[in-house]
Structures are given as structure tokens and as C-alpha cells.
There are 4 protein chains.
Amino acid sequence: MTDAPHVDRRARWRRQLGDLIFGLETPLARNYDKALIGLIVVSVLAVVVESVSRLPLPLRLLLRDLEWVFTVLFTLDYLGRLVGARRPLRYALSFYGIVDLLTILPSFVSLLLPGSQYLLVVRALRLLRVFRVFKLARYSDQASLIGEALQASREKITVFFIAVLTLVTVFGTMLYMIEGPQNGFTSIPTSIYWAVVTVTTVGYGDISPKTPLGKFIATLAMLMGYAIIAVPTGIVSAGLQEAQEARRQGRSCPQCGLTKHDPDAHYCKRCGENLPG
Amino acid sequence: MTDAPHVDRRARWRRQLGDLIFGLETPLARNYDKALIGLIVVSVLAVVVESVSRLPLPLRLLLRDLEWVFTVLFTLDYLGRLVGARRPLRYALSFYGIVDLLTILPSFVSLLLPGSQYLLVVRALRLLRVFRVFKLARYSDQASLIGEALQASREKITVFFIAVLTLVTVFGTMLYMIEGPQNGFTSIPTSIYWAVVTVTTVGYGDISPKTPLGKFIATLAMLMGYAIIAVPTGIVSAGLQEAQEARRQGRSCPQCGLTKHDPDAHYCKRCGENLPG
Amino acid sequence: MTDAPHVDRRARWRRQLGDLIFGLETPLARNYDKALIGLIVVSVLAVVVESVSRLPLPLRLLLRDLEWVFTVLFTLDYLGRLVGARRPLRYALSFYGIVDLLTILPSFVSLLLPGSQYLLVVRALRLLRVFRVFKLARYSDQASLIGEALQASREKITVFFIAVLTLVTVFGTMLYMIEGPQNGFTSIPTSIYWAVVTVTTVGYGDISPKTPLGKFIATLAMLMGYAIIAVPTGIVSAGLQEAQEARRQGRSCPQCGLTKHDPDAHYCKRCGENLPG
Amino acid sequence: MTDAPHVDRRARWRRQLGDLIFGLETPLARNYDKALIGLIVVSVLAVVVESVSRLPLPLRLLLRDLEWVFTVLFTLDYLGRLVGARRPLRYALSFYGIVDLLTILPSFVSLLLPGSQYLLVVRALRLLRVFRVFKLARYSDQASLIGEALQASREKITVFFIAVLTLVTVFGTMLYMIEGPQNGFTSIPTSIYWAVVTVTTVGYGDISPKTPLGKFIATLAMLMGYAIIAVPTGIVSAGLQEAQEARRQGRSCPQCGLTKHDPDAHYCKRCGENLPG
């Protein structure tokens with residue numbers, strides 16, 4: 001394509017910024033992503049440590065300050081992505097774009113509306129930054145392979161969860177009727193919570209059947225949960241093998257996991273991401 | 001085939017009704033199924049919410065009235081299915097036909113025989129309506145694929161469960177003998193309940209071995225349960241891949257999951273359901 | 001082969017008995033096995049029911065008498081197998097032969113050495129009879145397929161369990177050192193019991209770490225157990241598919257699961273069992 | 001290669017020692033490894049038994065003495081490996097070389113720095129000796145097959161664990177905010193411990209949500225953990241099949257599991273181990 005020289009220059013400059021922030025081709029870009037991930041982990045650790053009561057005051061103040069350093073750095077990163085993205089709007093509306101925004105906004109919000117509640121929310125949201133790790137993983141073939149597998153068996157997993165939710169509702173109601181509030185099954189929602197704890201084999205034991213009939217029904221719920229634990233596994237196993245097949249046939253989009261691109265395609269037909277290789 | 005015109009007209013009218021209620025070909029039919037599922041979910045939520053104690057009276061009355069609206073609507077749906085079904089008797093005796101009947105009968109029963117017990121039963125049975133969701137899922141290739149896989153590995157899973165039940169009975173009896181009533185293992189049924197809780201890795205902790213020997217046997221039970229958790233998974237995984245093979249070879253019946261139909265078959269040879277494509 | 005007529009006659013008679021007891025070819029033989037399984041289930045239920053305290057005396061006496069009926073019937077079955085087996089010694093030393101003997105001996109032992117302890121042992125051993133169910137299942141292709149899969153991945157599973165035992169011993173000792181007796185980790189065996197409860201994700205909660213370091217190590221144990229839960233599953237899945245491959249190639253022995261027999265073989269080269277088809 | 005005769009003699013002598021200790025070709029070498037494993041198991045049992053309080057004094061003293069016998073024998077084994085290894089330095093720095101050193105050092109350390117704490121550490125480290133079992137298993141095809149599978153899906157599993165850690169951190173923080181210290185969620189680290197206990201379906205019940213919102217979020221965590229339990233399984237299943245493929249194509253290194261060696265290779269290109277066959 002033949003653009004005006006200055007447009008071409010701006011385009012090149014923006015592309016270089018985009019390659020630095022989004023890409024992994026050059027060593028510099030790889031180091032940028034690694035540094036970013038290190039920053040995320042440190043910022044999360046800061047939040048976690050801060051929650052431990054009886055910290056010495058200086059450390060508490062240091063962590064408070066660090067929070068602002070992190071906020072500034074992540075803000076610069078976000079602005080850089082907006083400028084460097086091939087399609088800024090698309091990036092801003094993509095999953096990672098929204099996560100990036102969500103994780104810097106609260107720090108500013110907490111400036112205008114102070115209060116411990118809000119500060120806690122800030123911390124929780126900041127933890128979402130860890131999801132950025134996926135952006136590096138995304139580039140690893142192995143990682144995107146898992147993505148494709150889950151992508152491919154999306155409907156299967158949905159159907160499976162509808163079945164589990166139904167099962168859990170039915171069993172929860174049955175034990176609510178059998179055991180009743182005097183045995184800890186205070187309401188159907190609580191009983192459904194018990195059913196999930198049971199079917200997923202977590203089994204806290206904070207609520208457990210006391211009557212013989214309740215124990216019998218609970219046994220059925222456990223055996224059923226034991227059996228259906230096999231279904232998602234089979235789904236993902238089959239999905240992974242299909243994905244490996246698809247991998248051999250064509251490339252997949254690192255942004256949205258779409259596979260089977262035309263051999264001559266340079267950008268993903270669904271989200272415009274630059275396709276590897 | 002050459003029918004008398006009025007028969008042909010009635011047949012066409014009934015087929016249109018059948019396509020609306022059973023089919024997913026036209027947008028109208030699809031919307032009908034979606035609305036039905038929405039109705040089921042709402043009616044289930046109504047039951048769940050109603051169980052929460054300390055609800056304001058007006059909300060309680062509203063839910064009571066809603067119950068009757070749901071009953072009427074589901075009754076109309078059931079009658080429509082009876083009329084529109086290609087083979088009404090077959091539908092009435094099919095799994096979904098019985099579920100449909102079971103979920104509307106109790107509301108009328110509770111009219112003749114009032115009493116809180118019965119009302120609760122009504123609620124529990126109504127929850128079965130959620131199984132209708134499968135009827136939509138059934139049309140999704142992914143969903144029926146799971147059905148075929150479980151269908152195909154039916155015997156394997158049966159054998160597996162016989163093995164599990166044996167194991168659980170043996171371990172339960174052993175701990176009943178070792179720990180005895182003073183440690184909570186009051187009878188063999190209770191001990192079998194403990195064994196199921198253990199082998200399925202639920203582990204409530206309401207009953208747990210106290211003696212060293214009991215703990216040792218329990219350890220064996222856990223490791224064994226840990227190992228056999230692998231068996232159903234392997235079964236389903238293999239079953240899913242077989243089903244995907246069969247899928248490539250032939251079509252499967254959306255009603256009963258039967259596969260390998262003759263290429264020229266228009267109806268399922270087992271249940272007479274209309275075959276896709 | 002040309003035997004003397006009377007030998008031939010005895011051989012024919014024994015073969016008929018063997019076909020009746022071991023085989024599933026004739027309807028009579030199939031019914032024999034079904035009746036036997038029914039008898040096993042009833043006898044096990046009798047033991048289970050008998051353990052429930054506060055049973056009416058007549059029922060208790062009835063169960064006591066039934067025990068002797070079962071013993072006689074199972075003894076006749078065992079003798080019939082000894083006579084009808086192609087190789088009586090081989091049968092007597094096979095897994096099922098030993099189980100059959102073990103499940104009838106105790107009843108007679110309890111005659112000579114009475115005492116509640118012994119009676120309980122009798123009951124526990126009788127439960128092993130349920131394993132006979134496998135003898136019918138064994139003939140079902142699906143069931144023997146599972147057997148072949150586990151047979152094929154025998155070494156893999158052994159290695160896996162050595163790894164699990166090592167892990168459990170290391171983690172148990174670490175928590176014994178970290179938490180100590182005051183937190184319930186009274187000895188290394190008890191701590192290993194805790195580690196098994198944790199790694200198998202049973203999680204009774206009767207023993208759980210209290211110190212921060214103990215909780216951290218426990219977290220590692222859980223995540224590791226979560227990861228290695230995948231290994232046996234993968235092993236069995238792969239094993240099942242290999243077994244299905246082998247099934248397509250050759251027949252497998254219903255007695256010992258040995259596959260890949262020569263096409264012209266009529267008896268298993270390892271255990272002499274009659275090969276199907 | 002043509003060395004001076006005495007060098008050649010020393011080389012032959014060292015190779016024979018190496019074959020005895022490292023190899024499994026001759027019966028003598030096989031027996032050496034079996035005896036070593038027996039020794040490891042006995043020494044671990046000694047540590048475990050020693051931890052049980054109220055042992056008779058003579059037994060306690062016997063175990064104390066046995067500890068020194070084990071130490072001497074394992075030291076001789078370690079020296080023999082250093083001398084017999086084709087590349088002593090490489091062995092000393094390999095996983096097993098470091099384990100071997102770690103398991104004999106503490107006994108000597110405890111000589112210089114006595115104290116019950118240190119003695120306990122010695123015991124814990126000695127348990128690592130059991131890992132030697134893998135060195136025998138390593139030679140079994142089945143065992144190394146598992147190694148290759150895990151080797152092959154190393155990245156997949158890493159990505160999976162990053163996802164799990166993120167999930168656990170997010171859920172832990174959410175419940176710390178919702179439930180707070182008064183319900184046992186005393187800090188974010190403690191809440192993350194709870195999240196791990198929940199997502200891995202261990203479910204001790206020492207900490208469990210009390211508020212309705214907390215229970216709802218916990219339900220989501222369980223269902224998510226239930227679903228992602230499928231991912232590592234699918235990964236390992238696929239990995240095992242790939243490894244079996246690779247096995248059919250080429251040989252794998254017993255030391256580091258590297259596969260796809262050139263047909264004419266005699267030593268592993270990565271770690272210099274002698275390749276089988």
C-alpha cells in the first residue's frame with residue numbers, strides 16, 4: 001500500500017510500539033512482557049501480604065506507596081496498548097482490554113471516594129491482573145492448544161453444567177424435604193449449596209445428612225457425582241486431541257483461538273490479530 | 001402416499017403443531033422451546049425462593065399464584081405434544097412424556113389432597129421440569145454426542161458400579177468390625193455410607209476412623225477409590241471418541257441416541273423419531 | 001482324539017457339568033449364573049440387615065437359618081466346579097477358586113470355634129462372594145475390555161502408586177515435624193494417614209494443619225495430588241483404547257484376560273480356559 | 001578408540017562397576033538394585049516406626065544403630081556411583097546424584113551439630129531415598145512412558161497451574177472480603193488456603209463460608225474446580241498417547257526421557273546416558 005510519507009512514519013512508529021507491547025518477536029518485546037508479569041506478581045503479593053494483620057507500620061506504608069507505583073506503571077502500559085494496537089477500539093473492547101481498564105480504574109476511584117470498603121475492592125480487582133499472564137502463555141503453542149480444546153468443547157461443557165445444575169437442584173430439594181431445617185438444611189438454596197459440596201466431592205461436612213433416608217439419597221448423589229466427574233474429563237481429552245489435529249492442519253489465532261485460517265491469511269478473520277508464522 | 005384430502009389436511013395441521021412444539025427447524029419453533037425453558041427456570045426459581053423462610057407475605061402470595069400460572073401453561077404444552085406428536089402413545093410413554101406428565105399431575109393432586117407435605121412433593125417434582133432443557137440440548141450435536149457416548153459405554157459403566165458397590169460393602173463391613181458402634185460405625189449400612197463418602201473422596205468427616213487399624217484400612221479404601229476414579233473417566237473418554245467416529249459414519253436419533261441408521265432411513269428404527277438431515 | 005468309550009462318557013458328563021457351571025452358551029447355564037448372583041446378593045443383604053441393632057427376634061433367627069442355607073448351596077456350587085472344571089487344580093488355585101473356598105470355609109470354622117468375633121469374620125468374608133458377580137460380567141465384552149485395559153497398564157499403575165506412596169510419606173513426615181503432636185499429628189503413621197486423606201482429596205478434616213507453614217505445605221500437597229489424579233486416568237484411558245485395538249486384532253481369555261491368541265487356539269495358552277468364539 | 005592398555009584396564013574396571021550399579025543388564029546388577037530398594041524401604045520404615053511414641057527402649061536403641069548401618073551402606077553406594085559413572089560430574093549434578101548426596105550428608109551433619117530438631121530433619125531427608133525406586137522403575141518401559149508423557153506436556157501443565165493459582169487467589173480474596181476474619185477467613189493467605197482446599201475438592205471443613213453470598217461464591221469455586229479437574233487429565237491422556245507414538249518411532253533416554261534420537265545414536269544427546277538397545 002502507498003501512504004503519505006508522514007502517515008507511513010506514524011504508522012511505522014505505532015507498529016513498533018505495538019510490536020513491543022503486543023508482540024513476542026524481538027528479545028526486547030519478550031523482556032517487556034516478562035517484566036510486566038513480574039510486576040503483576042509483585043503487586044498481587046503486595047495485596048496479599050498487606051492483608052496479614054499485625055504488620056509493622058513502615059512495611060504497611062511501603063506497601064501503600066508501592067500500590068501507587070503499580071497503578072502508574074499499569075496505566076502507562078494501558079495507554080501504550082491503546083496507541084500501539086492495530087485497532088484501538090477492538091483492543092479496548094477485548095477481554096484483556098477490559099481487564100486492563102478494570103485493574104487501573106479503581107485506584108483512581110478510591111482517590112475520589114475513599115473508604116476501607118473501596119480499598120478492598122481495589123485490591124480484589126487488582127488480582128485480576130494476573131490474568132495477563134495468559135497473554136504470554138497465549139503465545140506458547142501448548143497454552144493456546146488448551147484454549148482451542150476448551151473453545152472446541154464449549155457447547156459440550158455447557159450441556160454438562162446444565163445437567164449438573166439440574167441434578168444439584170433436585171438432590172438439594174429432596175434433602176431439604178427429608179432432613180429439614182432441624183438438621184441444617186435450612187432452605188432449598190442452602191440445600192443446593194450442600195448438594196454442590198457433595199456432588200463436586202468437596203465435602204466440607206458443615207452440613208451432612210443425619211437421617212437414614214437422607215444418608216441413602218446422599219449416597220446416590222455421591223455415586224452420581226463420581227460418575228459424572230468422568231464426563232468433563234472425557235470431553236476435554238477428546239477436545240485436546242481434536243485441537244492437536246486442527247493444529248496440524250492450520251494455525252490458530254492467539255487472540256481468540258479461532259483455527260482453520262486460510263494458508264495465505266496474515267490477520268485473524270474474526271478479531272484482526274496478527275497470526276503467528 | 002395418497003390420503004383423503006381432509007385426512008391430509010388434519011395430518012398437515014397436526015404436523016405443523018408437532019413441528020412447532022417438537023421441531024427446531026423454523027425460528028418460531030426455536031422461540032417456542034426457548035420460551036419454554038425460560039418458563040421452567042423461572043418456575044424452579046419460584047420454588048427455590050419460596051423455601052427461604054421470612055419472606056414478605058405479598059411475595060409469598062405472588063409465588064403461590066405463579067405456581068398456578070405455570071401449571072396451566074405446562075398443561076397446555078403437554079396437551080399440545082399429545083396432539084402434535086407423530087405417535088402420541090409413543091410420546092406419552094417416552095422418558096420426556098412421562099416427565100411432562102409427572103410435573104403437571106401433582107399440582108392437581110394437591111388440589112384434592114391438600115397438606116404441606118404434598119405441596120413440598122409438588123415442588124420437588126416440578127424441579128424435574130428442568131430436565132426439559134435437555135430436549136433443546138438434544139438437538140445440539142455436541143449434546144447428543146455425549147448422550148451417544150454414555151449410551152455406548154452403558155455396560156462398561158454398569159460393570160464399574162457393581163465393582164464399586166462390592167468394594168464399598170466390603171470396606172464398610174470391615175470398618176464396622178474394626179471400629180464398632182462406639183466410634184460412630186453404628187451398623188453396616190452406616191458403615192457403607194461412610195465407605196461411599198470415602199471412596200468417592202467426598203469425605204464429610206462426620207464419621208471417620210479412630211483406631212490405628214481402622215485408619216490403615218481407610219487409607220487402602222482411599223487409594224483404591226483414587227485409582228478407580230480413573231476407570232469411568234477412561235470409559236467415557238473412549239466412548240466419546242467412538243461416538244465421534246460413529247457420528248462421522250452415520251446419523252444418530254435425537255430421541256434415543258441410536259446411531260448407525262441406514263442411509264435411506266427417515267425415522268429412527270427404535271423409537272420412530274424423525275431423523276435429522 | 002480317541003479315548004476309551006467309558007472315559008469318553010465320563011469326560012462328556014463332566015464337560016456338560018462344566019459347561020453348566022462355567023459356561024454361558026446354553027440358556028440353562030445362563031440361568032444358573034443368574035440364580036447364583038441373585039443368591040449372592042440376597043446373602044449379602046442378609047448380613048447387612050443383620051447388623052442393624054434392634055431387629056425383632058424372629059427375623060434375627062430367620063437370618064441365622066438363612067446363613068446355613070446359603071452355606072450349603074455355595075458348598076454344592078464349589079464341589080460342582082471342582083468336578084466340572086477342565087483342570088480342577090488350576091481352578092482351585094485360580095482367584096475365583098480361592099474366593100469360592102474362602103467364602104464357605106468360615107461357616108464351618110464357626111461351627112468348631114463359636115464366638116461373636118468369628119461370626120463377624122464369617123460375615124465379612126461372605127461379602128467377598130459378591131466378587132462372583134464379575135464372573136458373569138467377565139463374559140460381557142465390555143467388562144472384559146476393562147479387565148484387559150487394567151491388565152495392560154498394570155506396570156504403569158504400580159509405578160504410579162510407588163510415586164504416590166513416596167509423596168505421601170514425605171509430606172506426612174514434613175507435617176509431623178512442622179505441626180507436631182499438639183496439632184493432632186501424633187506420629188508419622190498418623191501424619192501419613194493425613195497425607196493420604198489430603199492427596200486423595202478425601203479431606204475428612206479430623207486432622208488439619210494449624211500453623212501457617214503447615215497450611216502452606218498442605219497446599220502444595222493438595223495441588224500435587226490434584227495434578228497426579230490425572231496420571232491414572234490418562235493411563236486407563238490409553239489402556240482402554242489399546243485394549244479395544246487388541247480386541248479388534250484377536251480374542252482375549254475370559255479367565256486371565258490374556259490377549260493376542262493365535263487364530264487357531266481353542267484354549268488360553270496361559271490358563272487353559274476355553275476361549276470364546 | 002585406542003587407549004594405553006592400563007588406561008583401558010582401568011576403564012574396563014570402572015565400566016564393570018558402573019554396569020553393576022547403574023545397569024540392569026546382568027542378573028547381578030538387577031539384584032544389586034533390588035537389594036538397594038529393599039534397604040531404602042527398610043530404612044524408611046525404621047524412621048516411621050521410630051516416630052511412634054511409647055516404643056520399648058531396646059527397640060529404640062536398635063533403630064538408632066540401624067540408622068548408622070544404613071548411612072554407611074548408602075555412603076558406599078554413593079562413592080561407587082561417583083567412581084563407576086561414565087561422567088562423574090554429570091552424575092553428581094543430576095537429580096538422583098543430588099538426592100543421593102542429600103540423603104547421606106545429614107547423618108554426618110547430625111554428628112557435628114547434635115539436637116533433636118536436626119535428627120528429625122535427617123529422618124525427613126532420608127525419606128527422599130525412596131525416590132531411588134524410580135531408578136529401577138525408570139528402566140521399565142511403562143514407567144519411562146509416564147515420564148515421557150509428563151515431560152511432553154510440561155508446558156501445558158505449567159500453564160494450567162498458573163491458571164489455578166490465579167483462580168485460587170481471586171476466590172480467596174473475594175471470600176476474605178465477603179466473610180472476613182469473624183468467619184475464619186483471617187487473612188488473604190488463609191483465604192487462599194481455603195480456596196485451594198475447595199478447588200482441589202479436598203474440603204477439610206476447618207474453614208467454610210457462613211454467609212449466603214460467601215456460600216454462593218464458594219459454589220462457583222467448586223463447580224469451576226470440578227470443571228478444571230478435567231484439564232490436567234486431558235493433558236496427560238493426550239501426552240501418554242503421544243509418548244506411545246514416539247515410543248513406536250524411536251527410543252527414549254532413561255536418564256532424562258528425551259525421545260526421537262537418531263537411529264545410530266548410542267548416548268543421549270542431552271545428558272550422555274547410555275541409550276537402551
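A. Region of interest: the overall build of chain A. When helices and strands are counted, chain A shows 12 helices and zero strands. The helix and strand sequence of chain A, counted from the amino end, reads α-α-α-α-α-α-α-α-α-α-α-α. Across the 277 residues that make up chain A, the buried fraction comes to 51%. Accessible surface computed for chain A: about 13100 Å², of which carbon and sulfur atoms make up 69%.

B. How the structure looks around the relation of the copies chain B and chain A. Mapping chain B onto chain A is achieved by rotating through 90° and translating by 0.0 Å along the same axis, at an RMSD of 0.1 Å. Both chain copies can therefore be described as sitting about a four-fold axis. The fraction of interface residues of chain B whose copies in chain A are also interface residues is only 16%, indicating that the copies meet through different surfaces.

C. The interface of chain D and chain C, seen in detail. Listed per partner, the contact involves 45 residues of chain D and 41 residues of chain C. Counting the surface lost from both chain D and chain C, the interface buries some 3700 Å², and carbon and sulfur atoms represent 76% of this. Between the two partners, chain D and chain C, sit zero salt bridges. Elements supplying a minimum of two residues to the side of chain D that touches chain C: helix 2 (27-51), helix 6 (116-127), helix 7 (133-137), helix 8 (141-152), helix 9 (154-179), helix 10 (188-199), helix 11 (212-228) and helix 12 (230-249) of chain D. Taken together, the residues that form the side of chain D that touches chain C break down as 33 nonpolar, 11 polar and one charged.

D. Fine view of the relation of the copies chain D and chain C. Superposing chain D onto chain C requires a rotation of 89° together with a translation of 0.0 Å along the rotation axis, leaving an RMSD of 0.1 Å. When you check the interface residues of chain D against chain C, a mere 16% turn up at the interface there too, and the two sides of the contact use different surfaces.

E. How the structure looks around the environment of B:Pro181. All names here are of chain B. The topology assignment puts Pro181 in the loop between helix 9 (154-179) and helix 10 (188-199). For Pro181, a relative accessible area of 48% corresponds to the partly exposed category. Separated by 10 residues in sequence, Pro181 and Ser191 place their C-alpha atoms 9.7 Å apart.

F. Spatial organisation of unusual backbone geometry. At A:Thr201, a residue that is not glycine, the phi angle is positive and equals roughly 60°. If you trace the backbone, A:Thr201 turns up in the loop between helix 10 (188-199) and helix 11 (212-228).

G. Structural view of empty space enclosed by the protein. Applying the stated criterion to the full structure yields eight cavities of 30 Å³ or more. Approximately 90 Å³ is the volume attributed to the largest cavity. What lines the largest cavity is A:Ile229, A:Thr233, B:Ile229, B:Thr233, C:Ile229, C:Thr233, D:Ile229 and D:Thr233. Split into classes, the residues belonging to the lining of the largest cavity amount to four nonpolar, four polar and no charged.

H. Quick peek at the interface of chain B and chain A. If you look at the interface, chain B gives 44 residues, while chain A gives 40 residues. Counting the surface lost from both chain B and chain A, the interface buries some 3600 Å², and carbon and sulfur atoms represent 76% of this. Counting across the chain B and chain A interface gives zero salt bridges. Where chain B touches chain A, the interface holds two residue pairs in polar contact (both at pLDDT 80 or more). Of all the elements in the fold, those that place two or more residues in the side of chain B that touches chain A are helix 2 (27-51), helix 6 (116-127), helix 7 (133-137), helix 8 (141-152), helix 9, helix 10, helix 11 (212-228) and helix 12 (230-249) of chain B. A total of seven residues in the side of chain B that touches chain A trace back to one element, the largest contributor, which is helix 12 of chain B. Across the side of chain B that touches chain A, the residue classes tally to 32 nonpolar, 11 polar and one charged.

I. The arrangement of the confidence of the model for chain A in detail. All names here are of chain A. Confidence along chain A averages 73 in pLDDT terms, with 69% of residues attaining 70 or more. Of the regions scoring below 50 in pLDDT, residues 115-122 engages in eight contacts with residues more than four places distant in sequence or in other chains. Scored as a complex, the prediction yields pTM 0.76 and ipTM 0.72.

J. Layout of the environment of B:Pro27. Residues and elements named next belong to chain B. The topology assignment puts Pro27 in helix 2. We classify Pro27 as exposed; its relative accessible area is 54%. Sequence separation between Pro27 and Tyr91 is 64 residues, and the spatial gap between their C-alpha atoms is 23 Å.

K. Highlighting a positive patch on the surface. All names here are of chain A. On the surface, Arg15, Arg86, Arg87 and Arg90 cluster together into a patch of positive charge. Position of Arg15 among the secondary structure elements: in helix 1 (residues 5-22). A residue is classified by how much of its surface remains accessible, and Arg15, at 42% relative accessible area, is partly exposed.

L. Molecular detail of the pattern of salt bridges. All names here are of chain B. Under the counting rule described, the total for this entry stands at four salt bridges over all chains. Asp77 is the partner of Arg81 in a salt bridge, and the nearest nitrogen-oxygen pair spans 3.0 Å. Of the two residues, Arg81 and Asp77 both sit in helix 3 (residues 57-84), four residues apart, roughly one turn of that helix. Classification of Arg81 by relative accessible area gives buried; the value is 1%. Exposure remark for Asp77: the relative accessible area of 3% places this residue in the buried category.

M. Structural detail: the side chain of D:Thr201. On the basis of relative accessibility, which here comes to 1%, the residue D:Thr201 falls in the buried class. Not counting the four nearest positions on each side in its chain, D:Thr201 is found in contact with A:Thr200, A:Thr201, A:Val202, B:Thr201 and C:Thr201.

N. Just the packing of aromatic side chains, in detail. All names here are of chain B. Taken as a whole, this structure holds eight aromatic pairs over all chains when the rule is applied. Centre to centre, the rings of Tyr78 and Tyr91 are 6.1 Å apart; their planes meet at 45°, and the pair counts as tilted. Pair noted here: Tyr78 is in helix 3 and Tyr91 is in helix 4 (residues 88-93), with a separation of 13 residues, a long-range link. Each of the two residues, Tyr78 as well as Tyr91, counts as buried.

O. Region of the structure containing the packing of helix 11 of chain B against helix 10 (residues 188-199) of chain C. Running from N to C, helix 11 of chain B and helix 10 of chain C point in directions that differ by 25°, and their axes come no closer than 10 Å. For the element pair helix 11 of chain B / helix 10 of chain C, the angle class is roughly parallel. Crossing hand, helix 11 of chain B versus helix 10 of chain C: left-handed. Contacts between helix 11 of chain B and helix 10 of chain C pair B:Lys215, B:Ala218, B:Thr219, B:Met222, B:Leu223 and B:Tyr226 from the former with C:Thr190, C:Tyr193, C:Val196, C:Val197 and C:Val199 from the latter. For the contact of helix 11 of chain B with helix 10 of chain C, a count of residues per class yields eight nonpolar, two polar and one charged.

P. View of helix 2 of chain B. Its 25 residues place the ends of helix 2 of chain B 37 Å apart at the C-alpha level, agreeing with the 36 Å of an ideal helix rising 1.5 Å per residue. Of the residues making up helix 2 of chain B, those classed as buried are B:Ala29, B:Asp33, B:Leu36, B:Ile37, B:Ile40, B:Ser43, B:Val44, B:Ala46, B:Val47, B:Val48, B:Glu50 and B:Ser51.

Q. Representation of a nonpolar patch on the surface within the structure. All names here are of chain A. On the surface, Val69, Val72, Leu73, Leu76 and Leu79 cluster together into a nonpolar patch covering about 430 Å² of accessible area. Summarising the element assignment, Leu76 is placed in helix 3 (residues 57-84). Note on Leu76: relative accessible area 52%, which makes it exposed.

Rules used throughout
Residues numbered from 1 in each chain as written. Chains lettered and ligands numbered in written order. Predicted model: local features only at pLDDT ≥ 70, side-chain atom pairs only at ≥ 80, totals over all residues. Heavy atoms only, no water. Helix = DSSP H or I, 4+ residues; strand = E, 2+ residues; numbered from the N terminus. Buried < 20%, exposed > 50% of the residue type's maximum accessible area, 1.4 Å probe, protein only. Areas by Shrake-Rupley, 256 points an atom, 1.4 Å probe, with all protein chains shown as cover. Least-squares fit on C-alpha atoms with pLDDT ≥ 70 in both. Contact = heavy atoms within 4.5 Å. Buried area = accessible area lost by both parts, 1.4 Å probe. Salt bridge = Lys/Arg side-chain N within 4 Å of Asp/Glu carboxyl O. Nonpolar A, V, L, I, M, F, W, Y, C, P; charged D, E, K, R; others polar. 1 Å grid on protein atoms, 1.4 Å probe; cavity = no way out; pocket = protein on both sides within 12 Å on 5 of 7 lines; lining within 4 Å. Points joined across faces, edges and corners; volume = space filled by probe spheres on them. Polar contact = N/O pair within 3.5 Å; in protein donor to acceptor, adjacent residues only side chain to side chain. pLDDT = per-residue confidence, 0-100. Patch = residues over 30% accessible without salt bridge, like charges linked within 9 Å, V, L, I, M, F, W, Y side chains within 5 Å. Lys, Arg positive; Asp, Glu negative; His and termini not counted. Charge placed at Lys NZ, Arg CZ, Asp CG, Glu CD. Phe/Tyr/Trp six-rings, centres within 6.5 Å; stacked < 30°, edge-to-face > 60°. Axes fitted to C-alpha atoms, helices over the stretch in contact; angles between N-to-C directions. Parallel < 35°, antiparallel > 145°, perpendicular 65-115°, else oblique. Left-handed = near helix turned anticlockwise from the far one by under 90°. Expected span 1.5 Å × (residues − 1).

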